[in-house]
Amino acid sequence: MHAVIRTARDGLLSLLYPADCRVCGANVDSWDDGVACARCWERSEWPRGAQFCEKCGLPMTRAAGRCGDCDDAAFERARACGAYRGAWRESVLFLKSHPFAAPRIGRSLRDAVAEMERDRGRFDSIVPAPLHPEREAERGFNQAEAPARALAQLSGRRLDLLSLQRVRATTPHRAGMDARQRERSLRGAFIVRAPRLVAGRRILLVDDVMTTSATAHAAALALREAGAERVDVVTLARVVFAR
Ligand SMILES: [Zn+2]
Ligand SMILES: [Zn+2]
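Each chain carries its own residue numbering, running from 1 in the direction its sequence is written. As they are written, the chains are lettered A onward and the ligands numbered 1 onward, keeping that order. Only residues with pLDDT of at least 70 get local features here, since the model is predicted, and only at 80 or more are side-chain atom pairs given and counted; chain-wide, interface and lining totals rely on the full set of residues. The side-chain numbers reported here are obtained from all heavy atoms of the structure, hydrogens and water having been left aside.

**Notes on the overall build of the chain**
Turning to step 1, where the next piece is worked out: Numbered from the N terminus, helices here are DSSP runs of H or I no shorter than four residues, and strands are runs of E no shorter than two. Broken down by element type, the chain carries eight helices and nine strands.
Turning to step 2, where the next piece is worked out: Throughout this description, buried means an accessible area under 20% of the type-specific maximum (1.4 Å probe, protein chains only), exposed means over 50%, and partly exposed covers the range between. Buried residues in the chain amount to 49% of all 243 residues.
Turning to step 3, where the next piece is worked out: Looking at the chain alone, contacts between residues at least 24 apart form 69% of all its contacts between residues at least 6 apart.
Turning to step 4, where the next piece is worked out: For the chain, the exposed area adds up to about 12600 Å²; of that, 48% sits on carbon and sulfur atoms. A contact between two residues is defined here by any heavy atoms of the two lying within 4.5 Å. Residue exposure ignores everything except the shown protein chains as possible cover, and the areas themselves are Shrake-Rupley values with a 1.4 Å probe.

Structure below.
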């Protein structure tokens, strides 16, 4: 890119992103990194050699296998770029008020997805997890859309903003709800408006954060019922409970 344009762009982005790391307060050297410094990003990566549930991507202490909680989930596999703390947590929070994904976030998604595709083949389209229209109107945008758009651009996959819609606003993470109650509260929360965009396709659902897999399950179920061949999930971050 031309140096003058790059300088102008960096100037604009430096207005958007804070100059200080939101995690540790140090100077953020590169606008590429968004809200956290390079050191905090490094610290927020999954530890080397980490083990994950092979289906839902939950970090596990024991060797390969499944966590035991996700066997009935309608998605094929879910992965997160990092744990919901440090740089990833601050990035997810920032995204709720600024609909821009820092280049580093796009690249992390691309790398996570490349690994998923290496095992099981290409995805046909990328679908951001939708917000209920009322909630989206309140916020002004859907925070899953910017990272999904960045990923679509980097990977060359089609971005599908039309098919999946959220028709009920639910509060799936209310304290005290068990897994079954959460699942019930999400039943029928998603519908597919354009089944022809979904039928026979391998779909990658993109969301900002996974707390339980209940939302991803409900969205994947709607897509599968509309004929999707397969639904996988990638999120920026994953809330990791002590287990
Ligand atoms: Zn930092
Ligand atoms: Zn699992």
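**Things to note about the nonpolar core**
Turning to step 1, where the next piece is worked out: Here the nonpolar core consists of buried residues drawn from Ala, Val, Leu, Ile, Met, Phe, Trp, Tyr and Cys, with membership extended through side-chain atoms lying within 4.5 Å. By size, the foremost hydrophobic cluster in this structure holds 32 residues, and its most contacted members are Ile105, Leu151, Leu204 and Val234.
Turning to step 2, where the next piece is worked out: Contributions of two or more residues to this core are made by helix H2 (38–43), helix H3 (86–95), helix H4 (103–120), helix H6 (145–155), strand E8 (202–210) and strand E9 (230–238).
Turning to step 3, where the next piece is worked out: Boundaries of every domain are those given by an automatic assignment or by a domain database. Here this core gathers at least three residues from each of two domains, domain 1 (1–43) and domain 2 (49–238).
Turning to step 4, where the next piece is worked out: For Val234, the residues in contact, after removing those within four places along its chain, are Arg79, Leu109, Ala112, Val113, Met116, Leu151, Leu204, Leu205, Val206 and Asp207.
Turning to step 5, where the next piece is worked out: With 31 residues, the next largest nonpolar core counts Cys53, Phe75, Leu164 and Val231 among its residues.

**Observations regarding the coordination of the zinc ion (ligand 1)**
Ideal values for angles at a metal depend on the geometry: 109.5 degrees with four tetrahedral donors, 90 or 180 degrees with six octahedral donors.
Turning to step 1, where the next piece is worked out: Ligation of the zinc ion (ligand 1) by protein atoms is provided by Cys21 (SG), Cys24 (SG), Cys37 (SG) and Cys40 (SG), these donors lying 2.3 to 2.4 Å from the ion.
Turning to step 2, where the next piece is worked out: Distances decide who is a donor: an N, O or S atom must be within 2.8 Å of the metal, or within 3.2 Å for Na, K and Ca. Water is not included, so sites may look incomplete. For four-coordinate sites, all angles between 85 and 135 degrees define a tetrahedron; for four- and six-coordinate sites, opposite donors beyond 155 degrees with the remaining angles between 65 and 115 define square planar and octahedral shapes respectively, and all other cases count as irregular. Metal-centred angles of 106 to 116° between the four donor atoms at the zinc ion (ligand 1) mark the site as tetrahedral.
Turning to step 3, where the next piece is worked out: In primary sequence terms, the donor set of the zinc ion (ligand 1) follows C-x2-C-x12-C-x2-C.

**Some details on the coordination of the zinc ion (ligand 2)**
Turning to step 1, where the next piece is worked out: Within the protein, the zinc ion (ligand 2) binds to Cys53 (SG), Cys56 (SG), Cys67 (SG) and Cys70 (SG); these donor distances fall in the range 2.3 Å.
Turning to step 2, where the next piece is worked out: Read in sequence order, the donor residues coordinating the zinc ion (ligand 2) give the pattern C-x2-C-x10-C-x2-C. Taken together, the residues Cys53 in the loop between strand E1 (51–52) and strand E2 (59–60) and Cys67 in the loop between E2 and strand E3 (78–83) connect sequence positions 14 residues apart.

**So, the pattern of salt bridges**
Pairing between side chains of opposite charge can happen when their charged atoms approach one another.
Turning to step 1, where the next piece is worked out: By convention in these notes, a salt bridge is any Lys or Arg side-chain nitrogen within 4 Å of a carboxyl oxygen on Asp or Glu. Throughout the structure, instances matching the rule amount to 13 salt bridges.
Turning to step 2, where the next piece is worked out: Measuring nitrogen to oxygen at the nearest pair gives 3.7 Å for the salt bridge that ties Asp124 to Arg202. Linking Asp124 in the loop between H4 and strand E4 (125–128) with Arg202 in strand E8, this pair joins segments that are 78 residues apart in sequence.
Turning to step 3, where the next piece is worked out: Residue Asp124 is classed as partly exposed on the basis of its relative accessible area of 27%.
Turning to step 4, where the next piece is worked out: Under the relative-accessibility criterion, Arg202 is labelled partly exposed at 23%.
Turning to step 5, where the next piece is worked out: Through salt bridges with shared partners, one network takes in Arg77, Asp119, Arg230 and Asp232.

**Let's talk about H4**
Turning to step 1, where the next piece is worked out: With 18 residues, H4 extends 26 Å from end C-alpha to end C-alpha; this agrees with the ideal 26 Å at 1.5 Å per step.
Turning to step 2, where the next piece is worked out: Among the residues making up H4, those that are buried are Arg104, Ile105, Gly106, Leu109, Ala112, Val113, Met116 and Glu117.
Turning to step 3, where the next piece is worked out: Summarising the contacts, the buried residues of H4 are in contact with H2, E3, H3, H6, E8 and E9.
Turning to step 4, where the next piece is worked out: Following H4 by one or two positions, Gly121 adopts a phi angle in the positive range, close to 90°. Here the expected span of a helix is defined as 1.5 Å times the quantity of residues minus one.

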